[in-house]
Amino acid sequence: MSSWEIRLPIRDRDAPIGEVALDAHVLEDPEERATIRELTLGAVLAGDKTAGDLLDRLAGAGVGGRRQMLDAAREAAGLKSATDIDDAERFEAVQRVAHHRKRSTEQPRLNGVGGIEIPLSPAELADAQRKDELREQANEQRREQREYEAAERRAAQEAADERWRPTGPGWTS
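These lines cover the structure that appears in this document, whether it is placed above or below.

Scoring rules and cut-offs
Residues numbered from 1 in each chain as written. Predicted model: local features only at pLDDT ≥ 70, side-chain atom pairs only at ≥ 80, totals over all residues. Heavy atoms only, no water. Helix = DSSP H or I, 4+ residues; strand = E, 2+ residues; numbered from the N terminus. Buried < 20%, exposed > 50% of the residue type's maximum accessible area, 1.4 Å probe, protein only. Contact = heavy atoms within 4.5 Å. Areas by Shrake-Rupley, 256 points an atom, 1.4 Å probe, with all protein chains shown as cover. Core = buried A, V, L, I, M, F, W, Y, C linked by side-chain atoms within 4.5 Å. Polar contact = N/O pair within 3.5 Å; in protein donor to acceptor, adjacent residues only side chain to side chain. Axes fitted to C-alpha atoms, helices over the stretch in contact; angles between N-to-C directions. Parallel < 35°, antiparallel > 145°, perpendicular 65-115°, else oblique. Left-handed = near helix turned anticlockwise from the far one by under 90°. Nonpolar A, V, L, I, M, F, W, Y, C, P; charged D, E, K, R; others polar. Salt bridge = Lys/Arg side-chain N within 4 Å of Asp/Glu carboxyl O.

### Digging into the overall build of the chain
Phase 1: Assigned secondary structure in the chain consists of 5 helices and 2 strands.
Phase 2: Mapped in sequence order, the helices and strands of the chain form the string α-α-α-α-β-β-α.
Phase 3: Out of the 173 residues in the chain, the part that is buried amounts to 18%.
Phase 4: The contacts in the chain between residues at least 6 apart in sequence include a share of 52% that link residues at least 24 apart.
Phase 5: Working note: accessible area of the chain is about 13200 Å², and carbon and sulfur atoms make up 53% of it.

### A short note on the nonpolar core
Phase 1: Within the largest apolar cluster, 13 residues are counted, with the highest numbers of intra-cluster contacts made by Leu 8, Val 20, Ile 36, Leu 39, Leu 54 and Leu 58.
Phase 2: Contributing elements (two or more residues each) for this core: helix 1 (17-22), helix 2 (30-45) and helix 3 (51-76).
Phase 3: In terms of residues, this core owes the most to one element, helix 3, which gives 5 residues.
Phase 4: Setting aside its immediate chain neighbours within four residues, Leu 8 contacts Val 20, Ile 36, Leu 39, Leu 54, Leu 55 and Leu 58.

### A word on the side chain of Asp 71
Phase 1: Here Asp 71 shows up in helix 3.
Phase 2: Relative accessible area serves as the criterion here: at 11%, Asp 71 is assigned to the buried category.
Phase 3: Of note is the side chain of Asp 71, whose polar atom sits 2.9 Å from the backbone nitrogen of Ala 82.
Phase 4: When neighbours within four sequence positions are excluded, Asp 71 is seen to be in contact with Ser 81, Ala 82 and Thr 83.

### Structural notes on the packing of helix 2 against helix 3
Phase 1: One way to put it is that helix 2 packs onto helix 3 with a least axis distance of 10 Å and a crossing angle of 120°. In terms of their interaxial angle, helix 2 and helix 3 are classed as oblique. Where helix 2 crosses over helix 3, the two elements pack in a sense that is right-handed. Residues Glu 31, Thr 35, Glu 38, Leu 39, Thr 40, Gly 42 and Ala 43 of helix 2 pack against Leu 54, Arg 57, Met 69, Leu 70, Ala 73, Arg 74 and Ala 76 of helix 3.
Phase 2: Grouping the amino acids of the contact of helix 2 with helix 3 by side-chain chemistry returns 7 nonpolar, 3 polar and 4 charged.

### Observations concerning the environment of Ala 61
Phase 1: Mapped onto the secondary structure, Ala 61 falls in helix 3.
Phase 2: Beyond its immediate sequence surroundings of up to four residues, Ala 61 is in contact with Arg 66 and Met 69.

### A few points about the pattern of salt bridges
Phase 1: If you walk through the whole model with that rule in mind, you get 14 salt bridges.
Phase 2: We note a salt bridge from Arg 7 to Glu 32, for which the minimum N-O separation is 2.8 Å. Of this pair, Arg 7 sits in the segment before helix 1 while Glu 32 sits in helix 2, and the two are 25 residues apart along the sequence.
Phase 3: When its relative accessible area of 40% is taken as the criterion, Arg 7 is described as partly exposed.
Phase 4: For Glu 32, a relative accessible area of 15% puts it in the buried group.
Phase 5: Asp 127 is paired through a salt bridge with Lys 131; the nearest N and O atoms lie 3.5 Å apart. Note that Asp 127 and Lys 131 are positioned in helix 5 (residues 122-164) at a spacing of 4 residues, about one turn of the helix.

Here you go:
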């Protein structure tokens, strides 16, 4: 994944904030130059007067706050935010792993039921076995419940039949 950093061309903490934007020309990456310019413009709008004010604001923002400031500066410069780039890289990495698994060197085999058996990693195999065990337990509980309900229905039907059975002289059971 990408590692992002905010590199500010600061020579003196007491230098006016505008010098940071002007000194951004020493940065090689054009995206970084544009980002620093937007970051310093945001600092001016926030009331920062010196490079030290900007440094203090960045230090006080914490990791999440600095990331938001970086994202806002990149977007203001017409660039993709660092968060969007990282999300896209994570998505691509997941897709590469999925593609690699799909292209496993081991060929799928037919299982005894006629379906295809796909090779699984040990973690996936353990997870699948646990799910099978839970499914079998649930099926067994449902079978027992159906048997219990059927026995109750038979007993209720026998009791109802017994109540309606004719009794008296000449009737045999």
